[in-house]
Amino acid sequence: MTVRDLRAEPDDELLRRFYDEVMLPSFDADELMDVDSFAKGVRSTGDQHYLASVALGEDGSVLGGIVGVLYETTNVLLLAYLAVRPGLRG
């Protein structure tokens, strides 16, 4: 397993795969931000931005990931999403 930091190593294709393959099936629509807002938050340079790490299998499949909201001014990190690909949970 490999863990990729999407903020330190920007990868729009991997971000989209994580969103489509793990986040969408894991959360109801009213619980989940849209993919464009997610991508913008990861790329943001403002006081508030997202940190996202994705776990990949040896074959490159997305296994799961974690998303946090970092508030730079106060140095506070809030967990926003933690999800594992359906079928791998338990």
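Definitions and cut-offs
- Per-chain numbering applies: the sequence of each chain, read as written, is numbered from 1 onward.
- Side-chain atom pairs in this predicted model are given and counted only at pLDDT of 80 or more, local residue features only at pLDDT of at least 70, and totals for whole chains, interfaces and linings cover all residues.
- Think of the side-chain values as coming from all heavy atoms in the structure, minus any hydrogens and water.
- Numbering of helices and strands runs from the N terminus; a helix is a DSSP stretch of H or I covering at least four residues, while a strand is a stretch of E covering at least two.
- The quantity called the radius of gyration is restricted to C-alpha atoms. Its globule counterpart is 2.2 Å times the number of residues to the power 0.38.
- Remark: exposure states derive from per-residue accessible area (1.4 Å probe, protein chains only) relative to the maximum for the residue type, with buried under 20%, exposed over 50%, and partly exposed in between.
- Throughout, a contact is declared for two residues whenever any of their heavy atoms are within 4.5 Å.
- Exposure was quantified through the Shrake-Rupley algorithm and a 1.4 Å probe, taking into account, for residues, occlusion by the shown protein chains and nothing else.
- Here the positive residues are Lys and Arg and the negative ones are Asp and Glu; neither His nor the chain ends is included.
- The location of each charge is read from NZ of Lys, CZ of Arg, CG of Asp or CD of Glu.
- Working definition: the arc comes from the directions between the helix axis and the C-beta atoms, pointing outward to the latter.
- By the criterion applied in these results, polar contacts are pairs of N or O atoms within 3.5 Å in which, for protein atoms, one can donate a hydrogen and the other can accept it, and in which residues neighboring in sequence qualify only through two side-chain atoms.
- A strand pair is defined by DSSP finding two or more bridges across the two strands.
- Axis geometry follows a simple rule: fit a line to the C-alpha atoms, using only the stretch in contact for helices, then measure angles between N-to-C directions, giving values from 0 to 180 degrees.

K.L.:
What is the right way to look at the overall build of the protein chain in this model?
P.N.:
A tally of regular secondary structure across the protein chain gives 2 helices and 4 strands. In the protein chain, the succession of α and β elements from N to C terminus is β-α-α-β-β-β. Its C-alpha atoms give the protein chain a radius of gyration of 13 Å, within 12% of the compact-globule value 12 Å for 90 residues. Taking the principal axes of the C-alpha coordinates as reference, the protein chain spans close to 40 × 30 × 25 Å. Within the span of the protein chain, comprising 90 residues, buried residues form 36% of the whole. Considering only residue pairs separated by 6 or more positions, the protein chain has 46% of its internal contacts joining residues 24 or more positions apart. Accessible surface, the protein chain: about 5400 Å² in total, of which carbon and sulfur atoms supply 52%. Computing the positive centroid from 8 side-chain charges and the negative centroid from 16, the protein chain places the two 2 Å apart.

K.L.:
Would you explain helix 2 (residues 35–43) in this entry?
P.N.:
In an α-helix, one turn spans 3.6 residues; hence positions three or four apart end up facing the same way. Buried within helix 2 are the following residues: V35, F38, A39, G41 and V42. Down the axis, helix 2 shows its buried residues gathered within 160° of arc, on one side only. Structural note: helix 2 exposes D36 and K40 on the side pointing more than 90 degrees away from its buried face. For helix 2, the elements touching its buried residues are helix 1 (12–26), strand 2 (48–56) and strand 3 (62–71). The opening residue of helix 2, the one whose side-chain oxygen lies 3.1 Å from the backbone nitrogen of D36, is D34.

K.L.:
Got a minute to help me understand the environment of G46 in this structure?
P.N.:
Locating G46 in the fold gives a position in the loop between helix 2 and strand 2. In this structure the C-alpha to C-alpha distance between G46 and P25, which are 21 residues apart in sequence, comes to 29 Å.

K.L.:
What's the story with the sheet that holds strand 3 in this structure? I'm lost.
P.N.:
One open sheet accounts for 4 strands, arranged 1-2-3-4; its pairing is antiparallel. Single-partner strands in this sheet number two, and they are strand 1 (2–5) and strand 4 (76–84). Going across the sheet, the axis of each strand differs from the next one's by a mean of 20°, ignoring polarity. Where strand 2 meets strand 3, 9 bridges bridge the pair, whose relative direction is antiparallel. The residue bridging A52 from the neighbouring strand is V67, located in strand 3. Strands strand 1, strand 2, strand 3 and strand 4 of the sheet are contacted by helix 1, whose axis makes an angle of about 95° with strand 3. Packed on one face of the sheet, helix 2 meets strand 2 and strand 3 and runs near 105° to strand 2.

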